[in-house]
Amino acid sequence: MQYLSTRGDAPALGFSDAVLAGLARDGGLYVPRQWPQFSAADIRAMRGLAYPDLAIRVLTPFLGGEIAAPVFERLVREAYATFRHEAVCPLVQTGKNTFILELFHGPTLAFKDVAMQLLARLMDHVLAERGQRATIVGATSGDTGGAAIDAFAGRDRTDIFILFPHGKVSPVQQRQMTTSSAANVHALSVEGNFDDCQGLVKDMFNDHGFRDRVSLSGVNSINWARIMAQIVYYFSSALSLGAPDRPVSFTVPTGNFGDIFAGYAAKRMGLPIERLIIATNDNDILARTLASGEYRTKGVFATTSPSMDIQVSSNFERLLFEAAGRDAETVRRYMNGLKQSGAFTIEEGELKRIRAEFDAGRTTVDEVAATIRTTLENSNYLLDPHTAAAVRVAVAHASGPVPMVVLGTAHPAKFPAAVEAASGIAPALPAWLGGLMTADEKYTILPSDLKMVEDYVSRHSRAVR
Ligand SMILES: Cc1ncc(COP(=O)(O)O)c(C=O)c1O
Ligand SMILES: N[C@@H](CCOP(=O)(O)O)C(=O)O
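Residues numbered from 1 in each chain as written. Chains lettered and ligands numbered in written order. Predicted model: local features only at pLDDT ≥ 70, side-chain atom pairs only at ≥ 80, totals over all residues. Heavy atoms only, no water.

## Comments concerning the UniProt feature "domain: Threonine synthase N-terminal" (unreviewed entry) in the protein chain
Here the UniProt-annotated "domain: Threonine synthase N-terminal" (unreviewed entry) positions come out as residues 2–80. This span, residues 2–80, is 42% helix and 8% strand, and a straight line between its end C-alpha atoms measures 26 Å. (UniProt positions renumbered as here; feature names shortened; annotations may be inferred. Helix = DSSP H or I, 4+ residues; strand = E, 2+ residues; numbered from the N terminus.)

Now the structure itself:
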């Protein structure tokens, strides 16, 4: 299997190189040259598999034979042994035909663990085989950072630098990034918002001198392996609900568009998905884009679902590439428009293809709070604000007999203030995170300035050539 850049000006790479590269050298994102295909019979044969076995079955075609089967099996089993639920990603029924796919039973209580625990092991394996080190940079609006730090802490071949927006993540999220005692972990509190952090990370990748000097790798969902690992839970939940003999719809709380793009990938691989519904908070660029065809950035609003406080939605580029019939020239034109004027307009045919698969809806902070309250009253289920945004949108899009699965992306204890204000219940952290709120914090505050961030990374990475 080879991986192509959405911008068409970087060499196609094999799996291991694509994992280490993160962002393509032309600024694009890697996608597989073709989507692996599973027939209805193949999918039927997946019924009853334990989550790690399903992951091995679904993901092996993406590896292109580059990771030996026994090694990959070991990495997958180790990754999912870190989860605290036997099913890894259990499905819980909350309404007549509505289900929450709980993705928060990993070490940092958010869906990011599902991919990050595997990605860290894959990277370590490839680096060890090659006798190399890497510098990892990542941007976070709160959850990616903690998951990445947990997964990479103490690994000898990588130094990890996580950029988070100063004062804009929840206290639990911040402490998951700042209380690691591992020498290879660097938490950087950047004076800006998430889009500034993500912009800095992309600028570091596009500064080829710096990129090569520090052997840069990325762990945001720009990295194909992140999306790849997230495909598996679409299969596991759809199988539980009768796939391939019964279609399923998904509503996904969306920010960087990685999680829902994994659902699109699952559909392209043969999983019978009826609709993919994008749920946003007040930062509704994706809902506006689907309605108008114009992708136009505006200021970022702080909400009670901070991990979705995003305007520049990285993985939308992967969808544009697909909708444009994999025409990299079109993607380059759109991305130039975004860079120059903060906007671009999607052509009619492409918009039609996107609307054929996706719907979108937005929610306000008040609606999120009301949804937390009513779901507790009606279903005795305590939602986190991100999942609540999706539940609200799902209700508006539920259609007849097709089961609706809402992706439960975080545990409510990550956002206790918002959850308590909405429901009167202060969700407690699980016992194994008991010391988190009293541990010493260690982080560095930096301005949103490329040179200063690069200088910090260069001085602290052991991968510098
Ligand atoms: C809890 C939570 N929900 C939803 C999202 C949105 O996911 P994505 O960026 O993959 O669209 C994020 C951040 O990415 C998150 O941390
Ligand atoms: N919401 C995310 C933002 C980064 O998303 P990613 O999936 O591209 O890593 C976060 O919690 O950091």
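## Regarding the packing of helix α16 (residues 365–379) against helix α17 (residues 385–397)
Following both chains from N to C, one finds α16 and α17 inclined at 90°, their axes separated by 8 Å at the closest point. Taken together, the axes of α16 and α17 are roughly perpendicular relative to one another. Only P385, A388, A389, V391 and R392 of α17 make contact with α16, whose side of the interface consists of E367, V368, T371, I372 and T375. Among the residues making up the contact of α16 with α17, the classes are represented as six nonpolar, two polar and two charged. (Axes fitted to C-alpha atoms, helices over the stretch in contact; angles between N-to-C directions. Parallel < 35°, antiparallel > 145°, perpendicular 65-115°, else oblique. Contact = heavy atoms within 4.5 Å. Nonpolar A, V, L, I, M, F, W, Y, C, P; charged D, E, K, R; others polar.)

## As for the site of ligand 1
Taken together, 15 residues lie near ligand 1, and K112, D143, G255, N256 and T409 sit nearest. The separation between an oxygen atom of ligand 1 and a polar side-chain atom of K112 is 2.5 Å. The separation between an oxygen atom of ligand 1 and a polar main-chain atom of F257 is 3.0 Å. Calculation on ligand 1 without its partners gives an accessible area of 390 Å², and the protein chains cover 98% of this total. The cavity that encloses ligand 1 is the largest cavity. (Near = heavy atom within 4 Å. Polar contact = N/O pair within 3.5 Å; in protein donor to acceptor, adjacent residues only side chain to side chain. Areas by Shrake-Rupley, 256 points an atom, 1.4 Å probe, with all protein chains shown as cover. 1 Å grid on protein atoms, 1.4 Å probe; cavity = no way out; pocket = protein on both sides within 12 Å on 5 of 7 lines; lining within 4 Å. Sits in = over half its atoms within 2 Å of the grid points.)

## Description of the pattern of salt bridges
Applying the stated rule across the entire model yields 28 salt bridges. Between D455 and R459 there is a salt bridge, and its shortest N-O distance comes to 3.2 Å. Of the two residues, D455 and R459 both sit in helix α19 (residues 450–460), four residues apart, roughly one turn of that helix. For D455, a relative accessible area of 39% gives the class partly exposed. Among the ionic contacts, a cluster of salt bridges with common partners joins D282, D284, R288 and R362. (Salt bridge = Lys/Arg side-chain N within 4 Å of Asp/Glu carboxyl O. Buried < 20%, exposed > 50% of the residue type's maximum accessible area, 1.4 Å probe, protein only.)

## Overview of helix α4 (residues 69–80)
Along an α-helix, a turn takes 3.6 residues, which lines up residues three or four apart on a common side. With 12 residues, α4 should cover 16 Å at 1.5 Å per step; its first-to-last C-alpha distance of 17 Å lies within 8% of that length. Close packing links the buried residues of α4 with α3 (51–59), α5 (112–130) and α10 (224–240). (Expected span 1.5 Å × (residues − 1).)

## Observations regarding the sheet that holds strand β7 (residues 185–191)
Here we have five strands laid out as an open sheet, ordered β8-β5-β6-β7-β15, and parallel in their pairing. The open sheet has two edge strands, β8 (216–218) and β15 (444–447), and neither has a second partner. Strand-to-strand twist in this sheet, taken as the mean axis angle between neighbours without regard to direction, amounts to 30°. Pairing of β7 with β15 involves four bridges; the strand directions are parallel. Following the sheet pairing, V190 is matched in β15 by L446. Against the sheet, helix α6 (residues 143–152) engages β5 (134–139), β6 (158–165) and β7, with an angle of about 165° to β6. Across the sheet, helix α7 (residues 171–178) touches β6 and β7, and the angle it forms with β6 is around 155°. (Pairing = 2+ DSSP bridges.)

## Things to note about the layout of surface pockets
Remark: the empty space left among the atoms is shown by a probe the size of a water molecule rolled over them. Its volume calculated, the largest pocket comes out at about 630 Å³. Lining the largest pocket are 23 residues, and of these R7, K202, V312, L338 and K339 sit closest to its centre. Of all the elements in the fold, those that place two or more residues in the lining of the largest pocket are α8 (194–206), α13 (316–323) and α14 (328–341). If you tally residues by element for the lining of the largest pocket, the top one is α8, at six residues. (Points joined across faces, edges and corners; volume = space filled by probe spheres on them.)

## Examining the sheet that holds strand β14 (residues 404–408)
Hydrogen bonds between backbone groups are what pair the strands of a sheet, and the pairing can be parallel or antiparallel. On the basis of which strands lie adjacent, the open sheet formed by six strands has the order β3-β4-β14-β9-β10-β13 and mixed pairing. Only two strands of the sheet have a single neighbouring strand rather than two, namely β3 (91–93) and β13 (358–362). On average, adjacent strands in this sheet sit at an angle of 25° to one another, irrespective of strand direction. As paired elements, strand β9 (residues 248–253) and β14 share three bridges and run parallel to each other. Across the sheet, residue F250 finds its bridge partner in β14, namely V405. Contacts from α17 reach β4 (98–102), β9, β10 (273–280), β13 and β14 within the one sheet, and its direction differs from that of β14 by about 165°.

## Digging into empty space enclosed by the protein
One pass over the full model with this rule turns up two cavities of 30 Å³ or more. Of the voids in this model, the largest cavity is the one considered here, and its volume is about 290 Å³. In terms of lining residues, the largest cavity is bounded by 26 residues, among which F111, K112, G255, N256 and S307 are the most central. Every element with two or more residues in the lining of the largest cavity is listed here: α6, α10 and α11 (258–268). If one sorts the elements of the lining of the largest cavity by residue count, α11 sits on top with three residues. The residue makeup of the lining of the largest cavity, split by class, is eight nonpolar, 14 polar and four charged. Volume-wise, the second largest cavity comes out at about 30 Å³. In terms of residue count, the dominant contributor to the lining of the second largest cavity is α8 (three residues).

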